[in-house]
Amino acid sequence: MSLTVTRAKVKEMCGISGTEFDTAIDNLIADLVPVVEYAIKPEHILATGDTGLQATLELGAAEVVAGEFLAQLGRHPGAFDTIQVGDLFVTPFMADVDDPFGLKAQGWMRLRPFLRIDPALPAMAAVGTSRGKRAKEDEA
């Protein structure tokens with residue numbers, strides 16, 4: 001079984017009521033849901049009898065898709081322009097351009113216990129050395 005994310009759910013999360021963005025949302029669902037499914041451990045995807053687990057996974061996936069959609073809207077030219085009228089500046093509130101409303105982060109946080117790899121685990125860092133930084137022997 002695979003996760004089901006509907007256009008209606010994404011539109012609800014984004015506060016969209018018209019049909020202007022239906023194709024873009026459908027394309028994003030088709031692109032992102034398989035990626036989210038792959039990130040989740042297969043045993044959780046296959047646990048179709050656990051309706052609570054499936055609802056949690058589908059909600060997390062929908063939040064990731066909705067968050068990415070809102071981020072894409074923000075990347076359109078002019079979406080976050082600043083307007084100046086005299087000494088008054090009107091600027092959009094943008095904490096994070098990649099996830100302006102925190103939906104992607106919320107979705108991934110919801111999915112975190114079920115992921116193949118915990119994103120909080122530290123990655124291997126490169127080790128560097130320098131020949132000029134050796135300790136001096138026998139300083140007397």
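Here the structure is a predicted model, which is why all the values come from computation and not from measurement.

A.B. asks: So what about the packing of aromatic side chains? Which residues, and what values?
C.D. replies: Evaluation of the coordinates by the stated rule reveals one aromatic pair. On the basis of an interplanar angle of 70° and a centroid distance of 5.5 Å, the ring pair of F21 and F69 is categorised as edge-to-face. Linking F21 in the loop between helix 1 (7–14) and helix 2 (22–39) with F69 in helix 4 (residues 51–74), this pair joins segments that are 48 residues apart in sequence.

A.B. asks: So what's going on with the packing of helix 1 against helix 2? Which residues, and what values?
C.D. replies: Following both chains from N to C, one finds helix 1 and helix 2 inclined at 110°, their axes separated by 10 Å at the closest point. In terms of their interaxial angle, helix 1 and helix 2 are classed as roughly perpendicular. Every pair of crossing elements has a handedness; the one defined by helix 1 and helix 2 is right-handed. For the pair formed by helix 1 and helix 2, the contact residues are R7, V10 and K11 on the first element and D22, I25, D26 and I29 on the second.

A.B. asks: Tell me what's going on with a nonpolar patch on the surface, and back it up with residues and numbers.
C.D. replies: Taken together, the side chains of I83, V85, L88 and V90 make up a nonpolar region of the molecular surface, amounting to roughly 380 Å² of accessible area. For the nonpolar patch, the secondary-structure elements that each account for two or more residues are strand 1 (83–85) and strand 2 (88–90). Along the chain, I83 falls in strand 1.

Each value, and the rule that gives it
Residues numbered from 1 in each chain as written. Predicted model: local features only at pLDDT ≥ 70, side-chain atom pairs only at ≥ 80, totals over all residues. Heavy atoms only, no water. Phe/Tyr/Trp six-rings, centres within 6.5 Å; stacked < 30°, edge-to-face > 60°. Helix = DSSP H or I, 4+ residues; strand = E, 2+ residues; numbered from the N terminus. Axes fitted to C-alpha atoms, helices over the stretch in contact; angles between N-to-C directions. Parallel < 35°, antiparallel > 145°, perpendicular 65-115°, else oblique. Left-handed = near helix turned anticlockwise from the far one by under 90°. Contact = heavy atoms within 4.5 Å. Patch = residues over 30% accessible without salt bridge, like charges linked within 9 Å, V, L, I, M, F, W, Y side chains within 5 Å. Areas by Shrake-Rupley, 256 points an atom, 1.4 Å probe, with all protein chains shown as cover. Salt bridge = Lys/Arg side-chain N within 4 Å of Asp/Glu carboxyl O.

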